[in-house]
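Listed below, chain by chain, are the residues.
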Amino acid sequence: MKKTCLVAIVLLVSAVVLVACKSKQDSTETGSAKIIEPAMLFSKDDAKALTGIDFGECRVTEQPVVGQKLCVYDKGNSMLQVGLSQAAFMNKKTLASGTTPESIYQATQQAFSGAERIDGVGDDNFMAPPGLHILKDGYYITVSLGRANDREKLQAAGLTVVENLEKNR
């Protein structure tokens, strides 16, 4: 009887340890950090302050394979969009393959070698379609003003998204 109880306890403890290890592995693979919404980086009030246009709420689209959430403010002929790629939102297979927001940023940057930069925005940045591409602490952010590539407005938007990223992490 004692032997049966001892075996049952050992099996139970082993099962608990295995489940705990699997749970820790799953949270590591998904980048257990908090998922940030792009509207947290650039609100409709920020969009109005930058453009003078009273946009409504942004329309959000998602691409979990690359960990991207895209917030689009759209009104008539005016548009502003903020894209955010983050490891916390990437699917497990993508992360397991070694693809990260930083590696996506670097591949995109290589495709536009020699692109113009804006000093002081993020850890690194460059200008290429659709606008300003920013790398900050492993997050890949894009800011676009639609057809307008106003460098000063892109810089102001870039500074705002970086500041708000730091507040919301």
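Predicted, not measured: the structure shown is a model, and the values here were computed from it.

1. Digging into the state of the cysteines
Counted according to the given criterion, the structure contains 1 disulfide. Paired by a disulfide, Cys-58 and Cys-71 hold their sulfur atoms 2.2 Å apart. Judged by the torsion about the S-S bond (-125°), the Cys-58/Cys-71 disulfide is left-handed. Of this pair, Cys-58 sits in the loop between α3 (44-51) and β1 (59-63) while Cys-71 is found in strand β2 (residues 68-75), placing the two residues 13 residues apart along the sequence. Given the relative accessible area of 16%, Cys-58 is considered buried.

2. Remarks on the packing of aromatic side chains
Per the counting criterion, the structure on display carries 3 aromatic pairs. Their ring planes at 50° and their centres at 6.0 Å tell us that Phe-55 and Tyr-73 sit as a pair that is tilted. Here the residue Phe-55 occupies a position in the loop between α3 and β1, and Tyr-73 occupies one in strand β2, the gap between them amounting to 18 residues. With relative accessibility at 3%, the residue Phe-55 sits in the buried group. Classification of Tyr-73 by relative accessible area gives buried; the value is 1%. Ring plane angle 55° and centroid distance 5.3 Å describe the contact between Tyr-105 and Phe-126, whose orientation is recorded as tilted. Of this pair, Tyr-105 sits in helix α5 (residues 101-111) while Phe-126 sits in strand β4 (residues 124-128); the two residues are 21 residues apart in sequence, bridging distant segments of the chain. Here Phe-126 falls in the buried class, since its relative accessible area comes to 2%. Across the ring face of Phe-89, the terminal group of Lys-69 is positioned such that the distance to the ring centre comes to 4.5 Å.

3. Quick look at the environment of Leu-145
Mapped onto the fold, Leu-145 is located in the loop between β6 (139-144) and α6 (151-168). Residue Leu-145 is classed as buried on the basis of its relative accessible area of 9%. In this structure the C-alpha to C-alpha distance between Leu-145 and Ala-47, which are 98 residues apart in sequence, comes to 9.9 Å. The contact partners of Leu-145, leaving out residues within four places of it in the chain, are Leu-50, Met-79, Leu-80, Asp-150, Lys-153 and Leu-154.

4. As for the layout of surface pockets
Roughly 200 Å³ of volume is contained in the largest pocket. Taken together, Thr-51, Asn-77, Ser-78, Met-79, Leu-145, Gly-146, Arg-147, Ala-148, Asp-150 and Lys-153 make up the lining of the largest pocket.

5. Examining the pattern of salt bridges
Counted according to the given criterion, the structure contains 10 salt bridges. Across the salt bridge formed by Lys-69 and Glu-62, the nearest N and O atoms sit 2.6 Å from each other. The exposure class assigned to Lys-69 is buried, which follows from its relative accessible area of 4%. Between Arg-151 and Glu-116 there is a salt bridge; the shortest N-O distance is 2.3 Å. In this pair, Arg-151 is assigned in helix α6 and Glu-116 in the loop between α5 and β4, connecting sequence segments 35 residues apart. Accessibility expressed as a relative area gives 41% for Glu-116, which makes it partly exposed. Among the ionic contacts, a cluster of salt bridges with common partners joins Asp-123, Lys-136, Asp-137, Glu-166 and Arg-169.

Criteria and thresholds
Residues numbered from 1 in each chain as written. Predicted model: local features only at pLDDT ≥ 70, side-chain atom pairs only at ≥ 80, totals over all residues. Heavy atoms only, no water. Disulfide = S-S within 2.5 Å. Helix = DSSP H or I, 4+ residues; strand = E, 2+ residues; numbered from the N terminus. Buried < 20%, exposed > 50% of the residue type's maximum accessible area, 1.4 Å probe, protein only. Phe/Tyr/Trp six-rings, centres within 6.5 Å; stacked < 30°, edge-to-face > 60°. Lys NZ or Arg CZ within 6 Å of the ring centre and 35° of its normal. Contact = heavy atoms within 4.5 Å. 1 Å grid on protein atoms, 1.4 Å probe; cavity = no way out; pocket = protein on both sides within 12 Å on 5 of 7 lines; lining within 4 Å. Points joined across faces, edges and corners; volume = space filled by probe spheres on them. Salt bridge = Lys/Arg side-chain N within 4 Å of Asp/Glu carboxyl O.

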